[in-house]
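The primary structure of each chain is shown beneath.
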Amino acid sequence: MIDLESSCRELIDCQVELVSEWARLFGLDIVLTDAPPTGSIKVASGDWTFRRHGSGVCFTHEPSTRRVDVHDNFDKPELFDAWRLELFLESQGVLFRGRKLAEALNDVPVIKPVGRHFKFTSENNSNHSRPSPGTARDARSGP
């Protein structure tokens, strides 16, 4: 049985780490960016390759092939949707899809729906520190 809360936390941690570094390197405007269409990025969790698409970026961890596809709300990496989680789980060999996954997310008490997305409730996030992409961007822009 999958620990859905832990998997969601792992996804969010990866997203925050990757988007923070992306923001530091290229800014948060994913459409108007000088970022190359493909490349690599190095963060604390290791080396990741990326591929830009539409209004998002798909990151793949090397060598594990874990995938994090931030396909929307790029400036809000604390959010995820069922499709993003499904892709993340599938890249780790876990098949948990569609309506069953979305329903299971609604049953995790520390996760709340935000429109068609989900996020951890604020009282549970306070003990789970993450860097802010805005902070990374501010550091990039300098004084």
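Structure: see above.
A brief report on the enclosed structure follows. On a predicted model such as this, the values are computed, not experimentally measured, just so you know.

## Some remarks on the overall build of the chain
- The helix and strand inventory of the chain stands at five helices and six strands.
- Along the chain, from the amino end to the carboxyl end, the secondary structure elements read α-β-β-β-β-α-α-β-β-α-α.
- Counting only residues that meet the buried cut, the chain has 45% of its 143 residues in that class.
- For the chain, restricting intrachain contacts to residue pairs at least 6 apart in sequence, the fraction spanning at least 24 positions comes to 51%.

## Observations concerning the pattern of salt bridges
- Per the counting criterion, the structure on display carries 10 salt bridges.
- Between R84 and D72 there is a salt bridge, with its nearest N and O atoms 2.6 Å apart. Within this pair, whereas R84 is found in helix α2 (residues 82–90), its partner D72 is found in the loop between β4 (67–70) and α2, the two being separated by 12 residues in sequence. Of the two residues examined, R84 and D72, each falls in the buried class.
- We note a salt bridge from E90 to R97, for which the minimum N-O separation is 2.4 Å.
- A relative accessible area of 44% means that R97 is categorised as partly exposed.
- Each member of the salt-bridge network shares a partner with another, and the members are D72, D81, R84 and R116.

## Quick look at the pairing of strand β1 (residues 38–43)
- Strand direction decides the pairing type here: β1 and strand β2 (residues 46–53), joined by six bridges, are antiparallel. Looking at the pairing, V43 lines up with G46 of β2.
- Counting the residues between successive antiparallel strands, the hairpin from β1 to β2 contains two residues.

## Topic: helix α3 (residues 98–106)
- Within α3, the full set of buried residues consists of L101, A104 and L105. For α3, the angular spread of buried residues about the axis comes to 105°, placing them on one side. Turned more than 90 degrees away from the buried face of α3 sit R99 and K100, all of them exposed.
- Tucked into the core, α3 has its buried residues touching α1 (4–26), α2, β5 (111–114) and β6 (117–120).

## Things to note about the sheet that holds β4
- With antiparallel pairing, the four strands of this open sheet are ordered in space as β1-β2-β3-β4. The sheet terminates laterally at β1 and β4, the two strands that pair on one side only. Strand-to-strand, the axes of this sheet are offset by a mean angle of 25°, without reference to chain direction.

Cut-off values and rules
- Residues numbered from 1 in each chain as written.
- Predicted model: local features only at pLDDT ≥ 70, side-chain atom pairs only at ≥ 80, totals over all residues.
- Heavy atoms only, no water.
- Helix = DSSP H or I, 4+ residues; strand = E, 2+ residues; numbered from the N terminus.
- Buried < 20%, exposed > 50% of the residue type's maximum accessible area, 1.4 Å probe, protein only.
- Contact = heavy atoms within 4.5 Å.
- Salt bridge = Lys/Arg side-chain N within 4 Å of Asp/Glu carboxyl O.
- Pairing = 2+ DSSP bridges.
- Arc of directions from axis to C-beta.
- Axes fitted to C-alpha atoms, helices over the stretch in contact; angles between N-to-C directions.

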